[in-house]
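# Coordinate analysis (summary)
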Amino acid sequence: MLNFTLQNPTKIIFGKNQIKNLAKEIPANKRILLTYGGGSIKSNGVYNKVIKALKNHVVFEFGGIAPNPKFEQLLAAIPIIKKNKIDFLLAVGGGSVIDGTKFIAAAANYKGDPWKIVTQDPSPIEHALPIGCVLTLPAAASEMNCGIVISKTNSPDKISSGNDLLYPQFAILDPTTTFSLPPRQTTNGIVDTFIHVTEQYLTYPVGAHLQDRLAESILLTLIEEAPRVLSDPKDYNARANLMWSATWGLNDFIGVGVPNDWATHMLSHEITSRFGLDHGQAIAIVVLSLLSLKRKQKKEKILQYAKRIWNITQGSDNEKIDEAITKTKNFFESLGIKTKLSCYGITKNQVPALIKQLKSHKLTALGEHGDIDLKQSEKIYRGCF
Ligand code: NZQ
Ligand code: ZN
């Protein structure tokens, strides 16, 4: 097992009707900026519950945060914060709202060029406004990590960064808020969680047996709960297990002491920023091609995954690896997630543009060995059709 330091300060408040306890988490004298997206919280009743819970607080609002949150749009919150002396941010939504709010928290008092908060990792900040969140879409796990992914409007820039100052102080996870999710967002979340786990697990063995078992438990839970939630979107227990699994997919615990890959995510961000695919849709395609190309370096862990997740024990190593990748593809497709770029009308002659983006973002040595150079990235992209 590799050395590690772990400190995750986010308090989780989980379960039905927990939004009513929101006021207890924010000191009465705080002036709150309630941030949210395009309006789903107004149609699913979460907004009213939040406003009712904060009836004795001073609350301002900043809505309209778009999916794949945009830098320029988020900057518009800063003058509102200054004018109204806001000193607490409450994000209500999914990963885009929470990431966007983390960026606002970081930029509020930042004296330099705010784009550096995104392009430098860790973000070069000494201060961030305190953040709380009410999660409505289990996927990114942004509710319990210090990461952000921010895009620039009309540009191929979708970049990830983070800073320990950006952990939310608390996150309310009420599974009933996810009953209103359209199937596409439910399945995006399942795939995003699945691949957060594989990014921290399908690498190479370092004797981290507990992290492996925790990672495998999340994968097995996703596979078990997915059909339940698709057949009954209001299955509380399925929603609860998926919500808690999503948080565990990227809240530090399975990622410490082990090598981390993240190439699938980096390659996929370029696809989302150029072609507008959802994050979950892009990673589902890239991971299959990447596992096949990197089967030699990842062999021991893919064989462990094949056995422990898919009960694959027959055949040569290569046959077992192929079968494990096929099982993974079939699982994604059972969720209605497409597994080829061509299904989205993207063609191979658009691959060079993605390589150019990777180069401009200096993403030229990716993966747990740092050996995925632009040539290998091109092979991975070409394997996505
Ligand atoms: O605009 P709103 O009203 O929020 O509606 C959203 C949006 O249209 C809707 N939605 C959310 N909760 C709902 C709901 N609709 C009905 N009922 C509900 N309960 O779903 C749409 C997508 O929301 P979004 O927040 O964009 O999705 P998600 O949570 O998957 O977040 C995606 C973002 O997270 C980033 C991605 O890059 C992407 O920008 N990620 C952040 C990470 C992190 N901070 O650690 C890691 C992840 O790998 C990921 O990259
Ligand atoms: Zn992700």
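Everything here concerns the structure above.
Below you will find a few notes about this structure. (Residues numbered from 1 in each chain as written. Chains lettered and ligands numbered in written order. Predicted model: local features only at pLDDT ≥ 70, side-chain atom pairs only at ≥ 80, totals over all residues. Heavy atoms only, no water.)

### Re the overall build of the protein chain
The condition that has to hold: Under the DSSP-based scheme used, a helix requires at least four consecutive residues in state H or I and a strand at least two consecutive residues in state E, with every element numbered from the N terminus. Think of it in three bands: residues with accessible area under 20% of the maximum for their type are buried, residues over 50% are exposed, and the middle band is partly exposed, with areas taken using a 1.4 Å probe on protein chains only. Here a residue-residue contact requires only that any non-hydrogen atoms of the pair lie within 4.5 Å. Note that accessible areas follow from Shrake-Rupley with a 1.4 Å probe, and for residues the cover is restricted to the protein chains shown. Asp and Glu are treated as the negative residues and Lys and Arg as the positive ones, with His and the ends of the chain left uncounted. The atoms used to mark charge sites are NZ of Lys, CZ of Arg, CG of Asp and CD of Glu.
Check the secondary structure of the protein chain and you find 16 helices and eight strands. With the principal axes as the frame, the protein chain shows a C-alpha extent of 65 × 45 × 45 Å. In the protein chain, which comprises 385 residues, the proportion classed as buried is 55%. Of the contacts formed within the protein chain by residues at least 6 apart in sequence, a portion of 78% connects residues at least 24 apart. Accessible surface computed for the protein chain: about 16000 Å², of which carbon and sulfur atoms make up 52%. Positive and negative side-chain charges in the protein chain, numbering 45 and 34 respectively, have mean positions lying 5 Å apart.

### Some points on the packing of aromatic side chains
Applied cut-off: Ring geometry is summarised as follows: Phe, Tyr and Trp rings, the Trp one being its six-membered ring, pair when their centres sit within 6.5 Å, and such pairs are stacked at plane angles under 30 degrees, edge-to-face over 60 and tilted between the two. A ring is scored as having a charge over it whenever the NZ atom of a lysine or the CZ atom of an arginine sits within 6 Å of its centre and within 35 degrees of its normal.
Taken as a whole, this structure holds 11 aromatic pairs when the rule is applied. Cation over ring: lysine 16 sits above tyrosine 236, and NZ or CZ is 4.2 Å from the ring centre. It is lysine 338 that lies over the ring of tyrosine 344; its NZ or CZ is 5.3 Å from the centre.

### Description of helix α15 (residues 351–360)
Heads up, the condition is: What the arc describes is the spread of directions from the helix axis to the C-beta atoms.
All buried positions along α15 are accounted for by Val351, Leu354, Ile355, Gln357 and Leu358. Looking straight down α15, one finds its buried side chains confined to an arc of 155°; they lie on one side. Every exposed residue of α15 that faces more than 90 degrees away from the buried side is listed here: Lys356 and Lys359. The secondary structure elements touched by the buried residues of α15 are α11 (263–275) and α16 (374–382). Following α15 by one or two positions, lysine 362 has its phi on the positive side, about 55°.

### Regarding helix α10 (residues 236–249)
Helical geometry: 3.6 residues make up each α-helical turn, so side chains three or four residues apart lie on a common side. We apply this condition: A helix is expected to span 1.5 Å for every residue after the first. N or O atoms closer than or at 3.5 Å make up a polar contact, with two conditions inside protein: a donor-capable atom paired with an acceptor-capable one, and, for residues adjacent in sequence, both atoms drawn from side chains.
Between the first and last C-alpha of α10 there are 20 Å, a value that for 14 residues agrees with the 20 Å anticipated at 1.5 Å per step. Of all the positions in α10, only Ala238, Arg239, Ala240, Leu242, Met243, Ser245, Ala246, Thr247 and Gly249 are classed as buried. Against β1 (11–14), β5 (131–135), β8 (170–173), α8 (183–201) and α9 (209–231) lie the buried residues of α10. Backbone nitrogen of asparagine 237 and a side-chain oxygen of the N-cap are separated by 3.1 Å at the start of α10; the cap is aspartate 235.

### Side note on the site of ligand 1
Put simply, the test is: Any residue with at least one heavy atom within 4 Å of a molecule or strand is counted as near it. Lys, Arg, Asp and Glu make up the charged group, whereas Ala, Val, Leu, Ile, Met, Phe, Trp, Tyr, Cys and Pro make up the nonpolar group; the residues left over, Gly among them, are polar. Domain boundaries shown here were taken from an automatic or database domain assignment.
Gly38, Ser40, Gly95, Ser96 and His196 are the nearest of the 32 residues found near ligand 1. A distance of 3.5 Å separates a nitrogen atom of ligand 1 from a polar atom in the side chain of asparagine 44. When ligand 1 sits alone it has 960 Å² of accessible area, and the protein chains cover 89% of it. Going through the elements one at a time, α6 (95–107), β6 (147–151), α8 and α11 are the ones with two or more residues in the shell around ligand 1. A class-by-class count of the residues in the shell around ligand 1 yields nine nonpolar, 20 polar and three charged. When residues of the shell around ligand 1 are assigned to domains, at least three fall in each of domain 1 (11–178) and domain 2 (183–382).

### Things to note about the environment of isoleucine 271
In this fold, isoleucine 271 is placed in helix α11. Judged by relative accessible area, which is 0%, isoleucine 271 ranks as buried. Once the C-alpha coordinates of isoleucine 271 and valine 286 are considered, the two residues, 15 residues apart in sequence, prove to be 9.5 Å apart. Setting aside residues no more than four positions away along its own chain, isoleucine 271 makes contact with Gly276, Leu277, Ala282, Val286, Leu341, Leu354 and Tyr381.

### Some details on a nonpolar patch on the surface
Filter applied, for reference: Only residues whose relative accessible area exceeds 30% and that form no salt bridge enter a patch; like-charged residues are grouped when within 9 Å of one another, and nonpolar side chains (Val, Leu, Ile, Met, Phe, Trp, Tyr) when within 5 Å. Take a side-chain nitrogen of Lys or Arg and a carboxyl oxygen of Asp or Glu: if they are within 4 Å of each other, that pair is a salt bridge.
Residues Met1, Phe4 and Leu6 make up a contiguous nonpolar surface patch of roughly 280 Å² in combined accessible area. Along the chain, methionine 1 turns up in the segment before β1.

### Focus on the sheet that holds β1
Sheet strands line up and pair through hydrogen bonds in the backbone, either parallel or antiparallel. Counted only if it meets this: Pairing between strands is defined by DSSP: at least two bridges between the two strands are required. Every axis corresponds to a line fitted to the C-alpha atoms, with the helix fit spanning only the stretch in contact, and the corresponding angles, defined between N-to-C directions, vary from 0 to 180 degrees.
One open sheet holds the six strands; their spatial order is β1-β8-β5-β4-β2-β3, and the pairing between them is parallel. Of all the strands in the sheet, just β1 and β3 (58–62) have a single pairing partner and so form its edges. Going across the sheet, the axis of each strand differs from the next one's by a mean of 20°, ignoring polarity. Sheet topology note: the β1/β8 ladder contains four bridges and is parallel. Residue pairing in the sheet places isoleucine 13 in a bridge with isoleucine 172 of β8. Against the sheet, α10 makes contact with β1, β5 and β8, and its axis sits at roughly 170° relative to β1, the strand it touches most.

### Examining the packing of α8 against α9
Basically, it comes down to this: Any angle that falls under 35 degrees is termed roughly parallel, while one over 145 is termed roughly antiparallel, one within 65 to 115 roughly perpendicular, and all others oblique. Crossing handedness is read from the near helix: turned anticlockwise from the far helix by less than a right angle, it gives a left-handed crossing, and turned clockwise, a right-handed one.
Contact geometry for α8 and α9: axes closest at 10 Å, N-to-C directions at 165°. Viewed along their axes, α8 and α9 adopt a mutual orientation that is roughly antiparallel. Between α8 and α9 the crossing geometry is left-handed. Residues Thr186, Thr187, Ile190, Thr193, Phe194, Val197 and Tyr201 of α8 lie in contact with α9, whose contacting residues are Asp212, Ala215, Glu216, Ile218, Leu219, Leu222, Ile223, Ala226, Val229 and Leu230. A class-by-class count of the residues in the contact of α8 with α9 yields 12 nonpolar, three polar and two charged.

### Remarks on the pattern of salt bridges
When charged atoms on two side chains of opposite charge get close, those side chains can pair. Using the criterion set out here, one finds 14 salt bridges in the structure. Aspartate 278 is the salt-bridge partner of arginine 184, the closest N and O atoms lying 2.6 Å from each other. Of the two residues, arginine 184 sits in helix α8 while aspartate 278 sits in the loop between α11 and α12 (279–293), which places them 94 residues apart along the sequence. With relative accessibility at 12%, the residue aspartate 278 sits in the buried group. Across the pair glutamate 225 and arginine 228 runs a salt bridge whose closest N-O atoms are separated by 3.2 Å. Placement of the pair is glutamate 225 and arginine 228 together in helix α9, with a separation of three residues, close to one helical turn. Classification of glutamate 225 as buried rests on a relative accessible area of 7%.

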